[in-house]
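# Breakdown of the fold
Take a look at the letters that make up each chain.
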Amino acid sequence: MELDFERCYRAVDSRDQRFDGWFYTGVTSTGIYCRPSCPAITPKRQNVRFFPSAAAAQGVGLRACRRCRPDAAPGSPLWDVRADVVGRAMRLIADGVVDRDGVPGLASRLGYTERHLHRMLSAEMGAGPLALARAQRAQTARILIETTDLGMAEIAFAAGFGSVRQFNDTLREVYASAPSDLRTARGGQRTPAGAGTLALRLAYRPPLHAQALLDFFAVRALPGVDEVRAGTYHRGLRLPHGTGEVALTPAAGHVAATLRLTDLRDLAPAVARCRRLLDLDADPTAIDATLAADPALAPVVAAEPGIRVPRAVDGFEMAVRAIIGQQVSVTAAQKTLTRLLAAHTTRVDHEVIATDAGVSGQQLHDQQGGAGRLRGFLGAEELLVLPDSGFGMPVGRREALRGLARAVVDGSVDLAAGADREEARRGLLALPGIGPWTANYLAMRAFGDPDILLGTDLAVRRGAAALGLPDTPTTLDGYADRWRPWRSYATMRLWRAA
């Protein structure tokens, strides 16, 4: 990835936090790398190099700055929205695919050879997949060191390292400190909750209209899956090694996240999914500038800067929500989804009782998560075993859900964050009962496509009319060309206007 020296240096000289995560500043005279907004004295030009990723900076022997914590910067909005192989690879690496399946598994998911994948990532990110995954492991390890009382060996394997020696060597190289020194430097600060619970900060680029996100999730919350309470969004998670639960509380400059995980190896995937869910790697300044150039949107952009696209932690969940939400109100869709989840929960309860007739009511309640605990949405395999009576919807919609679930199970449709958007769209449209609105809704929320206009959506058309814009699908679609490449964010604003 080409980095213009003058532009980057000006950002560093002005300590512009908008560029945090876009690139990293290497200082050859001190041997460290920093965020552009690092409060330290601006280094001399001749001592500066710029890198597209933390892994690239680490690859030339630089260590992370202890003052600005570049490893905790927001992710780059560039690869967050890109639909090409590099963008998909970065999302899969963030989700822990290299830690679980190695580089061969990543290459197989993307449909390229390991050698060609390494070449593409090195050209764009300055580092190959192993180095990028290694940088992520180091950050995960640092979080565990600073927020838990786990032993170093436990942390090493939870963070994805193959050995304690590899863990020690990597942390000394990246942070110029032994793991025990990193723990001592935090003065004994620990997570106040029990085992498996972590508290951390998720950085973002301001502004962030947090209330808009909370409002969106609140009206679509499902019992046992997610809820909004006292300014905090709570939801259950289905993760590669187990389940989890997260509480997300927006604050100034960050979102406070409290994660409860059954397996600490899921920390990196959980963090990546929470960041995607809240669209924290977006560049709101660029988005709002484009939309505000339209006089019709300028007042709402000025009134509510930093609107994000609420995204997803589970592509299959979002697909089910989209199919059920076709041509019905949000309230009606929520009621149908609640019935579907109740049928699944009832089935699981019966299976537990049948397996262990001696289980008490309290034990059963504890096995299902306990009081106030949230579970993730049901999976494709679980949906397929539900009886007809558990769906509570027309036959056509029920069979559309089953067709989707079968396609996900057999792999003909990939709904993961690193899926090929166009291939997924073609696969979805080939399924009975799924039309363009559903495919586009998924592209926007599950795959993070920033340029989707849901022009046929009734609420979008009402919002357009409220703002004095064309409100028929054809005329609105033509008008919306001026909002490219941020039409998904315009769709969010039209929804709010309605």
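The structure reproduced in this document is the subject of the present report. (Residues numbered from 1 in each chain as written. Predicted model: local features only at pLDDT ≥ 70, side-chain atom pairs only at ≥ 80, totals over all residues. Heavy atoms only, no water.)

### Side note on helix α21 (residues 436–445)
Of all 10 residues making up α21, 9 are buried, and the element is well covered by its neighbours. All buried positions along α21 are accounted for by W437, T438, A439, N440, Y441, L442, A443, M444 and R445. Structurally, α21 contributes buried residues whose contacts are with α11 (210–219), α15 (315–324), α20 (421–429) and α24 (487–497). (Buried < 20%, exposed > 50% of the residue type's maximum accessible area, 1.4 Å probe, protein only. Helix = DSSP H or I, 4+ residues; strand = E, 2+ residues; numbered from the N terminus. Contact = heavy atoms within 4.5 Å.)

### Notes on the packing of aromatic side chains
One pass over the full model with this rule turns up 13 aromatic pairs. Residues F19 and F23 carry aromatic rings whose centres are separated by 6.3 Å and whose planes lie at 50 degrees to one another, so their mutual orientation is tilted. Here F216 and F217 contribute two aromatic rings whose centre-to-centre distance is 6.2 Å and whose plane-to-plane angle is 85 degrees, an arrangement assigned as edge-to-face. Looking at F216, the relative accessible area reads 8%, which means it is buried. Chaining the aromatic ring pairs together yields one cluster made of F216, F217, Y233, W437, Y441 and W495. The cationic tip of R142 hangs over the ring face of Y175; the distance from NZ or CZ to the ring centre is 4.5 Å. Positioned above the aromatic ring of F216 is the side chain of R220, whose terminal nitrogen or guanidinium carbon lies 3.6 Å from the ring centre. (Phe/Tyr/Trp six-rings, centres within 6.5 Å; stacked < 30°, edge-to-face > 60°. Lys NZ or Arg CZ within 6 Å of the ring centre and 35° of its normal.)

### Re the side chain of T438
Tracing the chain through its elements places T438 in helix α21. Given the relative accessible area of 1%, T438 is considered buried. Polar side-chain contacts of T438 include one of 2.2 Å to the side chain of Q326. (Polar contact = N/O pair within 3.5 Å; in protein donor to acceptor, adjacent residues only side chain to side chain.)

### Side note on the layout of surface pockets
Roughly 1,000 Å³ of volume is contained in the second largest pocket. Lining the second largest pocket are 45 residues, with R220, V330, W437, D457 and W495 sitting closest to its centre. If one sorts the elements of the lining of the second largest pocket by residue count, α11 sits on top with 6 residues. Residues belonging to the lining of the second largest pocket are distributed by class as follows: 25 nonpolar, 6 polar and 14 charged. (1 Å grid on protein atoms, 1.4 Å probe; cavity = no way out; pocket = protein on both sides within 12 Å on 5 of 7 lines; lining within 4 Å. Points joined across faces, edges and corners; volume = space filled by probe spheres on them. Nonpolar A, V, L, I, M, F, W, Y, C, P; charged D, E, K, R; others polar.)

### A closer look at the pattern of salt bridges
Summed over all chains, the structure comprises 37 salt bridges. D16 serves as the salt-bridge partner of R18, at 2.6 Å between the closest nitrogen and oxygen. When the shortest N-O distance is used, the salt bridge between R238 and E382 registers 3.0 Å. Residue R238 is located in strand β7 (residues 232–239), and its partner E382 is located in helix α18 (residues 380–384); the two are separated by 144 residues in the primary sequence. Owing to a relative accessible area of 36%, R238 belongs among the partly exposed residues under this scheme. If you follow the salt bridges from partner to partner, you end up with D451, D477, D481, R484 and R487 in one network. (Salt bridge = Lys/Arg side-chain N within 4 Å of Asp/Glu carboxyl O.)

### Digging into helix α12 (residues 267–278)
For α12, built from 12 residues, the straight-helix expectation of 16 Å at 1.5 Å per residue is met to within 8% by its first-to-last C-alpha distance of 17 Å. Of all 12 residues that make up α12, 12 are buried, and the element is covered over most of its length. All buried positions along α12 are accounted for by L267, A268, P269, A270, V271, A272, R273, C274, R275, R276, L277 and L278. Two residues or fewer past α12, D279 is found with a positive phi of approximately 55 degrees. (Expected span 1.5 Å × (residues − 1).)

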